[in-house]
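Below, each chain spelled out in residue letters.
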Amino acid sequence: MTHDFTFTDQPDASRFELRVGGELVSILDYRVNGDTVALTRAFTNPAQRGSGYAAVVTERAVDAVEAQGRKVLPVCWYVAEWFDEHPDRAGVLAA
């Protein structure tokens, strides 16, 4: 997998974006509610699926939310599974 990632928060669209070589490959929609950020939908371009991009955008989104001092509510099934696979990140989860 290439490491030429560009990760950005697009607050006007309420989503995080992951680009590879300038191409948008994956997004993660969110909704802010006070100190909690609900990660509501992960989507990867169908032609790019299976490349691990959803995991990258999720990890970087969790890092961004944590850096803001907020907690994550994993509404999206993919994000919930990501947390199951990364129990070391459970401290970021909303109670």
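Report on the accompanying structure. (Residues numbered from 1 in each chain as written. Predicted model: local features only at pLDDT ≥ 70, side-chain atom pairs only at ≥ 80, totals over all residues. Heavy atoms only, no water.)

**Observations regarding the sheet that holds strand 3 (residues 23-33)**
Phase 1: Spatial strand order, 1-2-3-4-5: five strands in an open sheet with mixed pairing. Looking at which strands have only one partner, the edges of the open sheet turn out to be strand 1 (5-10) and strand 5 (71-74). When strand polarity is set aside, the average angle formed by the axes of neighbouring strands in this sheet is 25 degrees.
Phase 2: As paired strands, strand 4 (residues 36-44) and strand 5 are joined by four bridges and run parallel to one another. Looking across to strand 5, one finds that Val37 is bridged to Val72.
Phase 3: Across the face of the sheet, helix 1 (residues 53-67) comes into contact with strand 1, strand 2 (15-20), strand 3, strand 4 and strand 5 while running at roughly 130 degrees to strand 2. (Pairing = 2+ DSSP bridges. Helix = DSSP H or I, 4+ residues; strand = E, 2+ residues; numbered from the N terminus. Axes fitted to C-alpha atoms, helices over the stretch in contact; angles between N-to-C directions. Contact = heavy atoms within 4.5 Å.)

**Some words on the environment of Gln48**
Phase 1: Assignment of secondary structure puts Gln48 in the loop between strand 4 and helix 1.
Phase 2: Separated by 24 residues in the primary sequence, Gln48 and Leu24 place their C-alpha atoms 9.8 Å from one another.
Phase 3: Those residues in contact with Gln48 that sit more than four places away from it in its chain are Glu23, Val25 and Tyr53.

**Focus on the environment of Gly69**
Phase 1: Along the chain, Gly69 falls in the loop between helix 1 and strand 5.
Phase 2: With 29 residues separating them in the primary sequence, Gly69 and Thr40 have C-alpha atoms 19 Å apart.

**Observations concerning the packing of helix 1 against helix 2 (residues 77-85)**
Phase 1: Direction vectors running N to C along helix 1 and helix 2 enclose 75 degrees, while the axes themselves pass 11 Å from each other. Judged by the angle between their axes, helix 1 and helix 2 are roughly perpendicular. Contact residues: Ala54, Ala55, Thr58, Glu59 and Val62 in helix 1; Tyr78, Val79, Trp82 and Phe83 in helix 2. (Parallel < 35°, antiparallel > 145°, perpendicular 65-115°, else oblique.)

**Some details on the side chain of Glu17**
Phase 1: As for its position among the elements, Glu17 is in strand 2.
Phase 2: At 2.7 Å, the side chain of Glu17 forms a polar contact with the side chain of Arg15.
Phase 3: Residues in contact with Glu17, not counting those within four places in the same chain, are Thr6, Phe7, Thr8, Gln10, Leu24, Ser26, Ile27 and Val57. (Polar contact = N/O pair within 3.5 Å; in protein donor to acceptor, adjacent residues only side chain to side chain.)

**What to know about the side chain of Gln48**
Phase 1: Since its relative accessible area comes to 17%, Gln48 is described here as buried.
Phase 2: Of note is the side chain of Gln48, whose polar atom sits 3.4 Å from the side chain of Glu23. (Buried < 20%, exposed > 50% of the residue type's maximum accessible area, 1.4 Å probe, protein only.)

**Examining the packing of aromatic side chains**
Phase 1: Inspection of every chain in the model, using the stated rule, returns five aromatic pairs.
Phase 2: Plain terms: the ring middles of Phe7 and Phe16 are 5.4 Å apart, the flat faces sit at 15 degrees to each other, and that makes the pair stacked.
Phase 3: Residue Phe16 is classed as buried on the basis of its relative accessible area, which comes to 1%.
Phase 4: With 4.7 Å between their ring centres and 40 degrees between their planes, Phe16 and Tyr30 make a pair best called tilted. On the criterion of sequence distance, the pair formed by Phe16 in strand 2 and Tyr30 in strand 3 is long-range, its members being 14 residues apart. Here the two residues Phe16 and Tyr30 agree in accessibility, since each one is buried.
Phase 5: Ring-pair connections join several aromatic residues into one group, and the members of that group are Phe7, Phe16 and Tyr30. (Phe/Tyr/Trp six-rings, centres within 6.5 Å; stacked < 30°, edge-to-face > 60°.)

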